[in-house]
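For reference, the chains in residue letters:
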Amino acid sequence: TTWQTGIDAAIELFMKNGHRKIAYIGDNLASAKQRCFSNAMKKYALPVSEEHIVIEQQRYEFGGYRAMEKILALENRPTALFVAYDYMAIGVYKCIRENNLSVPDDFSIIGMENINTKDFLDTALSSIYGRSREKCEAAVELLQKKMDNKRYSEPKKVLKSTLIDRNSVKNLKEGK
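Residues numbered from 1 in each chain as written. Predicted model: local features only at pLDDT ≥ 70, side-chain atom pairs only at ≥ 80, totals over all residues. Heavy atoms only, no water.

Trainee: Explanation requested: helix α2 (residues 31-43) in the structure shown.
Mentor: What sets the pattern is the α-helix's 3.6 residues per turn: residues three or four places apart point alike. With 13 residues, α2 extends 18 Å between its outermost C-alpha atoms, agreeing within 8% with the 18 Å of an ideal straight helix rising 1.5 Å per residue. All of the buried residues along α2 are Lys33, Cys36, Phe37, Ala40 and Met41. On an axial view of α2, the arc spanned by its buried residues comes to 135°, and they lie on one face. Counted as exposed and oriented over 90 degrees from the buried face of α2: Arg35 and Lys42. Structurally, α2 contributes buried residues whose contacts are with α1 (4-16), β1 (22-27), β2 (53-56), β3 (80-83) and β4 (108-112). (Helix = DSSP H or I, 4+ residues; strand = E, 2+ residues; numbered from the N terminus. Expected span 1.5 Å × (residues − 1). Buried < 20%, exposed > 50% of the residue type's maximum accessible area, 1.4 Å probe, protein only. Arc of directions from axis to C-beta. Contact = heavy atoms within 4.5 Å.)

Structure follows, in structure tokens:
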């Protein structure tokens, strides 16, 4: 999918900063993102622990909060969290803060969709920008051209996702 490029970049950023125990937090509607996460983990030869894959029934902030409660209950906690949606990441942040922990000191986090969180979170969230607006604009433009000329065709446009790196990933290698 178009998400793979951004998710690969996220896992690579975690890895370059010394993270090897990386968890995935998502919901039932994010199975494509979970597959991309698993592909990226395999690509970089990182282990995927079953207990570090948390699929919540709830969505948005509440789902993120509940997922983080499950992560905090683990004996073998991850150091990094890949979250399928920025809105879920907001719930993850709240749960971390309420447990007297912090991002990125206790958990490094990368979300998806690049919503404006920098003014609302203690630490700006690194996020994958999926180019949803550009995809919609390209689809509308193609439909308009097709309505004008039924035989119109053009090469498929692939708008790859990109990682927006902010301050939510800690370098575990520093100070060693």
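Trainee: Help me out: how do you make sense of the pattern of salt bridges in this one?
Mentor: Side chains that carry opposite charge are capable of pairing whenever their charged atoms lie near each other. According to the stated counting rule, one finds 8 salt bridges in the structure shown. Salt-bridge contacts for Lys16 lead to Glu12; the nearest nitrogen and oxygen are separated by 3.1 Å. Highlighted residues: Lys16 and Glu12, both in helix α1, separated by 4 residues, approximately one helical turn. Judged by its relative accessible area of 27%, Glu12 is partly exposed. With a closest N to O distance of 3.2 Å, Lys33 and Glu113 form a salt bridge. Pair noted here: Lys33 is in helix α2 and Glu113 is in the loop between β4 and β5 (126-129), with a separation of 80 residues, a long-range link. Taking relative accessible area as the criterion, Glu113 reaches 32% and is therefore assigned partly exposed. What you see here is one network of salt bridges that share partners, running through Glu56, Arg66 and Lys70. (Salt bridge = Lys/Arg side-chain N within 4 Å of Asp/Glu carboxyl O.)

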